[in-house]
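# Descriptive analysis of the structure
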Amino acid sequence: MVCVAAFIILSLVGVFVAFLSIFKRDIGRKYWAVFKKSWGCVGKKVRLQKCETNFKDDVKNSLLSRVVLKHPSWVKPLGIAIEVNAILIVFITIWSLVEAVKALLALWVFGTCNVSQPANCALGAEVCGIDAAEPSNPIEWTGRWFSEWGEIFTNIPDKFRDWDTEQFLVEPYSFATSYQDGKPLALDIFDPGCTICMQSYRNQKTSGFFNEYNTVFMVYPIELPDGGYKFNNSDLIARYIHATNLAETDYASQIINRLFTESNQKGINYQSAFISMSRSDAEKTLQSWLKDFGASTKQIEAISQSANSDAVTTIMQRVKTMVEDTIHVKGIPTLIYDGKKHNGLYQ
């Protein structure tokens, strides 16, 4: 194991030695001789052949040469320590390679290198992550590690499928603008409290995306593992949007547009304002918006009752199932258009 660990260390050190050998070629020649020995030893290990003991002894002797003269009694325990450290180096290297492969596969499949905490991946798209519960013990951690591999391999076929937008719609739904014949469908999955969703919406609006596609809004408030919601009042806004859809009005798109693009009298954008509001204040605000949009008192009462009904609860559960189990979303916003699934912020 010492020779394998030495090969790993020498491979890493090789970058610096290559630079130094430009100025001092002797260093490069000496290093290359040792590296060839370690590579030969590793090659034999891979072929399950016995490694030359002299290389292992050379490594250990070079490390212990100074100790032998001053503290002979330390040689044996230090020799054991070298063996243990060699095992750790090999194990850590193999583990790092496995984790790197896992992260790259997850990035390719889900758009994030962290399956359970999507927003924590610096390499992935900007998203509000749908986070899994943190494991509370080593057994749960191990189980989650293997389940993440399972999720990755299970969802690889998604990269090669044709994403037909119409297959993923949950009725009733609303469009960003009036439906126009001849334009392709797009599905926009978002959370009312997600700031990245707000920026994505603004980008879509200013770039003309909503004019190019018949964009269907799918409002999905992210749930926390403990059963609550990631953003305060996001579920209430979602309920009102679903209720307006049930009432067959066009208020949903107006609610979303005001939420993401406008600010209150204090200059605070409405999304931030809702997060800091109490639930009762948030509901009053939504009702006042409906009045601004032209809803009658009777309509507002009907929509308010519908928002808290079992019918809307059922719709939200259907959306959750579609987003998590069918589309396999790990972070939002998520867009489906042109036969593909697009993860994260719309640029």
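For the structure itself, consult the block above.
Residues numbered from 1 in each chain as written. Predicted model: local features only at pLDDT ≥ 70, side-chain atom pairs only at ≥ 80, totals over all residues. Heavy atoms only, no water.

## Digging into the overall build of the protein
Along the protein, the regular secondary structure elements total 13 helices and seven strands. Across the 347 residues in the protein, those meeting the buried criterion constitute 44%. Contacts in the protein between residues far apart in sequence, at least 24 positions, make up 70% of those at least 6 positions apart. Accessible surface, the protein: about 19200 Å² in total, of which carbon and sulfur atoms supply 58%. (Helix = DSSP H or I, 4+ residues; strand = E, 2+ residues; numbered from the N terminus. Buried < 20%, exposed > 50% of the residue type's maximum accessible area, 1.4 Å probe, protein only. Contact = heavy atoms within 4.5 Å. Areas by Shrake-Rupley, 256 points an atom, 1.4 Å probe, with all protein chains shown as cover.)

## Observations regarding the state of the cysteines
Put plainly, a disulfide is one covalent bond tying together the sulfur atoms of two cysteines. Throughout the structure, instances matching the rule amount to two disulfides. At a sulfur-sulfur separation of 2.1 Å, the disulfide partner of Cys-113 is Cys-121. An S-S torsion of about 120 degrees defines the bridge between Cys-113 and Cys-121 as right-handed. Residue classification places Cys-113 among the partly exposed positions, given a relative accessible area of 24%. Here Cys-197 stays free of any disulfide, with the sulfur of Cys-194 as its closest cysteine sulfur at 3.3 Å. (Disulfide = S-S within 2.5 Å.)

## Let's talk about helix 12 (residues 297–307)
Buried within helix 12 are the following residues: Ile-300, Ile-303, Ser-304, Ser-306 and Ala-307. The buried residues of helix 12 occupy one face: seen down the axis, they fall within an arc of 165 degrees. Turned more than 90 degrees from where helix 12 packs its buried face, Thr-297, Lys-298 and Gln-305 sit exposed. For helix 12, the secondary structure elements touched by its buried residues are helix 8 (234–246), helix 9 (251–261), helix 11 (279–292) and helix 13 (310–326). (Arc of directions from axis to C-beta.)

## What to know about the pairing of strand 7 (residues 340–343)
Across four bridges, the pairing between strand 6 (residues 334–337) and strand 7 is antiparallel. Paired with Ile-336 across the strands is Lys-341, a residue of strand 7. In this structure, the hairpin formed by strand 6 and strand 7 is closed by a connection of two residues, where Asp-338 is found at a positive phi of approximately 55 degrees. (Pairing = 2+ DSSP bridges.)

These figures come from the coordinates and say nothing about function on their own.
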